[in-house]
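Report on the structure
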Amino acid sequence: MGNVIENEINGIVSDILEDYNHGRAIDKIELFQQPDKDIIVDIIHKLLKIVYPGYFWDKSFRIYTANNNLSLLIEDVMYNLNKQITIALRFHQDWKDVDENELVEVAQRISVAFFKQIPRIREHLESDLEAAYDGDPAAYYKDEIILSYPGQLAITINRIAHELYLLEVPLIPRIMTEYAHSRTGIDIHPGATIGKYFFIDHGTGIVIGESTVIGEHVKIYQGVTLGALSTRGGQRLKSVKRHPTIEDNVTIYSGASILGGETVIGKNAVIGSNAFITKSIQEGTRVSIKNQELQFKYGKKEPIVKNDLEMDEAWYYTI
């Protein structure tokens, strides 16, 4: 009885290797010329330990002086992040052809600038934690929010990635936020600008586009999309404001879609569940969808039609 794989393997290997010679983007074989995704994920985990000291420690450590360990951790992250930034900068139009020594110096300046923002990032995260605790009666402890809420994790990683985005670091910010997306189901582009006291409740299915601007004390629920009206323009739309602006003290309930770069949701507005909005909403407005018609059929009787559900005076849906 012949061995099918043994007879075919040489031809298969040759065909696949030959397929790499077409010059396509997927054919590129340049070892160590792209940031290492696994290292970046490890950096995220270590940055979580830095921004929330005491919550994410490696249980294998036996420590007496936390500050000494934090000092070592900060230096370790800075060293590894700087190496990844140096690699990533080659993808930036301004730095792809510069001398290696100059590239290293640019990466070091960016790394230092990023770490100087850590206290400010933590200040914003404290406000997000306050918003989550004050806004969710199901939260019994702030520790519970830090350790288990997907919204807090997604916001944390986004605030870290956003600072690198502002420093024009290629690739790394998006790798970070897509890791958060894979962990939480919450997709926030690192370019989105988000004010203090931001609370994501439940969170699954939320999408926040690159040029979105969100003010302070904003609360959004699961399934919300802050997106673009159209991406048919492709790369021509790069750097164009495609996503909405959400002003202070806005609440957006589950399943709502708010689209377009010229769309502004004014202060203190409330957007009800499943609303589809492509035009600006003025300050203090409540937007809701008229109740849909429901049919209740009992056995062989004619269906009972109701189109006015009993709702409390808040009129919107929440959990």
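This write-up is about the structure you can find in this document. Not measured: the values here are computed from a predicted model.

**Brief notes about the nonpolar core**
In this structure, L47, M176 and I252 are the most contacted members of the largest nonpolar core, which totals 74 residues. Of all the secondary-structure elements, those providing two or more residues to this core are α2 (37-51), α3 (66-88), α4 (100-116), α5 (118-135), α6 (142-148), α7 (150-166), α8 (172-184) and β3 (199-200). Considering every element that reaches this core, the biggest residue donor is α2, with eight residues. The residues touching M176, leaving out its near neighbours within four places in the chain, are I40, I43, I44, L47, I157, I160, A161 and L164.

**Here's the deal with the layout of surface pockets**
The gaps of empty space that remain are located by a probe, the size of a water molecule, rolled over the atoms. Computed from the structure, the largest pocket encloses a volume of approximately 870 Å³. Residue lining of the largest pocket: 31 residues in total, with Y165, R174, H189, E210 and K238 positioned closest to the centre. When residues of the lining of the largest pocket are traced back to their parent elements, those giving at least two are α8, β4 (207-208) and β7 (225-227). Looking at the lining of the largest pocket element by element, the count peaks at three residues for α8. Its residues placed into classes, the lining of the largest pocket shows 13 nonpolar, ten polar and eight charged.

**Comments concerning empty space enclosed by the protein**
For the structure shown, the criterion picks out one cavity of 30 Å³ or more. Space inside the largest cavity adds up to approximately 30 Å³. Considering the residues around the largest cavity, the lining is formed by A154, I157, N158, T177, A180, H181, I186 and I188. When contributions to the lining of the largest cavity are tallied by element, the ones reaching two or more residues are α7 and α8. Its residues assigned to classes, the lining of the largest cavity shows five nonpolar, three polar and no charged.

**Remarks on a nonpolar patch on the surface**
On the surface, I5, I9, I12, V13, I16, L17, Y20 and I29 cluster together to form a nonpolar patch covering roughly 750 Å² of accessible area. As for its position among the elements, I16 is in helix α1 (residues 4-19).

**Regarding unusual backbone geometry**
Even without being a glycine, E168 presents a positive backbone phi close to 65 degrees. If you trace the backbone, E168 turns up in the loop between α7 and α8. Residue classification places E168 among the partly exposed residues on the basis of a relative accessible area of 46%. Even without being glycine, H217 reaches a positive phi, approximately 60 degrees. With respect to the helices and strands, H217 occurs in the loop between β5 (213-214) and β6 (219-220).

**Digging into the environment of E126**
Looking at the element boundaries, E126 is found in helix α5. Expressed as a C-alpha distance, the spacing of E126 and Y52, which sit 74 residues apart in the sequence, is 9.8 Å.

**Thoughts on the packing of α7 against α8**
Here α7 crosses α8 at 175 degrees, and the two axes come no closer than 8 Å. With respect to α8, the axis of α7 lies roughly antiparallel. Along the contact surface, α7 presents P150, L153, A154, I157, N158, I160, A161, L164 and Y165, while α8 presents I172, P173, M176, T177, Y179, A180, R183 and T184.

**A few points about the packing of aromatic side chains**
A full pass over the atoms with the stated rule returns three aromatic pairs. Summarising the aromatic geometry, the rings of Y52 and Y55 are spaced 6.4 Å apart at their centres and angled 80 degrees between planes, so their arrangement reads as edge-to-face. Pairing F114 with F115 gives two aromatic rings, centres 5.2 Å apart and planes at 85 degrees, and the pair type is edge-to-face. F114 sits in the buried class, given a relative accessible area of 0%. Judged by relative accessible area, F115 falls into the buried class, the value being 11%. Its guanidinium or amino end placed over the ring of Y133, K142 lies 5.7 Å from that ring's centre, counting from NZ or CZ.

Rules behind the numbers
Residues numbered from 1 in each chain as written. Predicted model: local features only at pLDDT ≥ 70, side-chain atom pairs only at ≥ 80, totals over all residues. Heavy atoms only, no water. Core = buried A, V, L, I, M, F, W, Y, C linked by side-chain atoms within 4.5 Å. Buried < 20%, exposed > 50% of the residue type's maximum accessible area, 1.4 Å probe, protein only. Helix = DSSP H or I, 4+ residues; strand = E, 2+ residues; numbered from the N terminus. Contact = heavy atoms within 4.5 Å. 1 Å grid on protein atoms, 1.4 Å probe; cavity = no way out; pocket = protein on both sides within 12 Å on 5 of 7 lines; lining within 4 Å. Points joined across faces, edges and corners; volume = space filled by probe spheres on them. Nonpolar A, V, L, I, M, F, W, Y, C, P; charged D, E, K, R; others polar. Patch = residues over 30% accessible without salt bridge, like charges linked within 9 Å, V, L, I, M, F, W, Y side chains within 5 Å. Areas by Shrake-Rupley, 256 points an atom, 1.4 Å probe, with all protein chains shown as cover. Salt bridge = Lys/Arg side-chain N within 4 Å of Asp/Glu carboxyl O. Axes fitted to C-alpha atoms, helices over the stretch in contact; angles between N-to-C directions. Parallel < 35°, antiparallel > 145°, perpendicular 65-115°, else oblique. Phe/Tyr/Trp six-rings, centres within 6.5 Å; stacked < 30°, edge-to-face > 60°. Lys NZ or Arg CZ within 6 Å of the ring centre and 35° of its normal.

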